[in-house]
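# Inside the fold
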Amino acid sequence: MEVVFIIVGVIIVLYLFGSKNEPKKPAKDYYSEATKESIKRTNDSVERSRKLLEEIRNERNRKIETLENEISIEITGVHIPNRKNRIKRTCEYNQELILEAEPKNKFDSKAIKVSNYDGIIGYVQSEDLDIIHPIINKDHYAYISFLDNESDYITVEIDIKYQNNL
């Protein structure tokens, strides 16, 4: 048994010392020409996307500038736990919002939901529905104009810019 240990030990020593005496190989180029070309195409695509997004933002801003009227309202339903968490997690001042009629709402067929990119954050209050419905059927832009989400009681006010021809 000792002979086996000695032989294994000698093999290990020879392997370790033998590998150190071998000439060093040049560093391997991990990026083939095809990979480099693929990275270049991806970077070009990202740059085109950035330019397109910039054009879309500029066009939207030009459109917003033409909207003559503005109304401010407070939204309701922000106290519901999943919405409250969404607001605390994803909402910020001046963030663009989506206003959408919800005729199949089980509580009010005139309901208008208020959403951001992550989902519903609340609803237009019932006393404002008759004013807001004609606005959302025309060109409009809605955004968060006041946000208090630091305490347990959350307040979200939105401004809606719209055309005068209602």
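Scroll up for the structure.
Let me sum up the structure you'll find in this document. Note that the structure is a prediction, hence the values are computed from the model and not measured.

Further remarks concern the environment of Lys 113. Its location among the elements puts Lys 113 in strand β3 (residues 112-116). Relative accessible area serves as the criterion here: at 18%, Lys 113 is assigned to the buried category. Distance in space between the C-alpha atoms of Lys 113 and Glu 100 is 5.4 Å, their sequence separation being 13 residues. What Lys 113 contacts, discounting residues up to four positions off in sequence, is Ile 98, Leu 99, Glu 100, Glu 102, Ile 120, Gly 122 and Tyr 123.

Turning to the pattern of salt bridges, a few remarks are in order. The tally for this structure, following the rule as stated, stands at 9 salt bridges. Residues Asp 44 and Lys 40 are paired through a salt bridge, measuring 3.2 Å at the closest nitrogen-oxygen approach. You can see Asp 44 and its partner Lys 40 sitting in helix α2 (residues 33-66), 4 residues apart, about one turn around the helix. On the basis of relative accessible area, Asp 44 is assigned to the partly exposed category, the value being 34%. Connected via shared salt-bridge partners are Arg 86, Arg 89 and Asp 118.

The strand order β1-β4-β3-β2-β5-β6 describes a closed barrel built from 6 strands, whose pairing is antiparallel. Taken pair by pair, the neighbouring strands of this sheet meet at an average axis angle of 40°, ignoring direction. With 4 bridges joining them, strand β2 (residues 96-101) and β3 adopt antiparallel strand pairing. Residue pairing for β3: Glu 100 is matched across the bridge by Lys 113.

For the rest of this paragraph, the subject is the nonpolar core. Ranked by size, the top nonpolar core spans 23 residues in total, and within it Leu 99, Val 114, Ile 132, Val 156, Ile 158 and Ile 160 carry the most contacts. Those elements that provide at least two residues to this core are β1 (69-76), β2, β3, β4 (119-124), α4 (129-136), β5 (140-148) and β6 (155-162). Setting aside residues up to four positions removed in sequence, Ile 132 forms contacts with Ile 71, Ile 73, Leu 99, Ile 112, Val 124 and Ile 160.

Once that is clear, we can look at unusual backbone geometry. Phi at Asn 94 is positive, roughly 70°, even though this residue is not glycine. Residue position: Asn 94 is located in the loop between α3 (81-90) and β2. Judged by relative accessible area, Asn 94 falls into the partly exposed class, the value being 41%.

With that settled, consider α4. Residue pairs three or four apart in sequence face the same way in an α-helix, which turns once every 3.6 residues. Those residues of α4 that sit buried are Leu 129, Ile 132, Ile 135 and Ile 136. For α4, the angular spread of buried residues about the axis comes to 125°, placing them on one side. The secondary structure elements touched by the buried residues of α4 are β1, β2, β3, β4, β5 and β6.

Moving on to a nonpolar patch on the surface. Together, Leu 52, Leu 53 and Ile 56 make up a nonpolar patch on the protein surface, roughly 270 Å² of accessible area in all. One can find Leu 52 in helix α2. Classification of Leu 52 as partly exposed rests on a relative accessible area of 48%.

The rules behind each value
Residues numbered from 1 in each chain as written. Predicted model: local features only at pLDDT ≥ 70, side-chain atom pairs only at ≥ 80, totals over all residues. Heavy atoms only, no water. Helix = DSSP H or I, 4+ residues; strand = E, 2+ residues; numbered from the N terminus. Buried < 20%, exposed > 50% of the residue type's maximum accessible area, 1.4 Å probe, protein only. Contact = heavy atoms within 4.5 Å. Salt bridge = Lys/Arg side-chain N within 4 Å of Asp/Glu carboxyl O. Pairing = 2+ DSSP bridges. Axes fitted to C-alpha atoms, helices over the stretch in contact; angles between N-to-C directions. Core = buried A, V, L, I, M, F, W, Y, C linked by side-chain atoms within 4.5 Å. Arc of directions from axis to C-beta. Patch = residues over 30% accessible without salt bridge, like charges linked within 9 Å, V, L, I, M, F, W, Y side chains within 5 Å. Areas by Shrake-Rupley, 256 points an atom, 1.4 Å probe, with all protein chains shown as cover.

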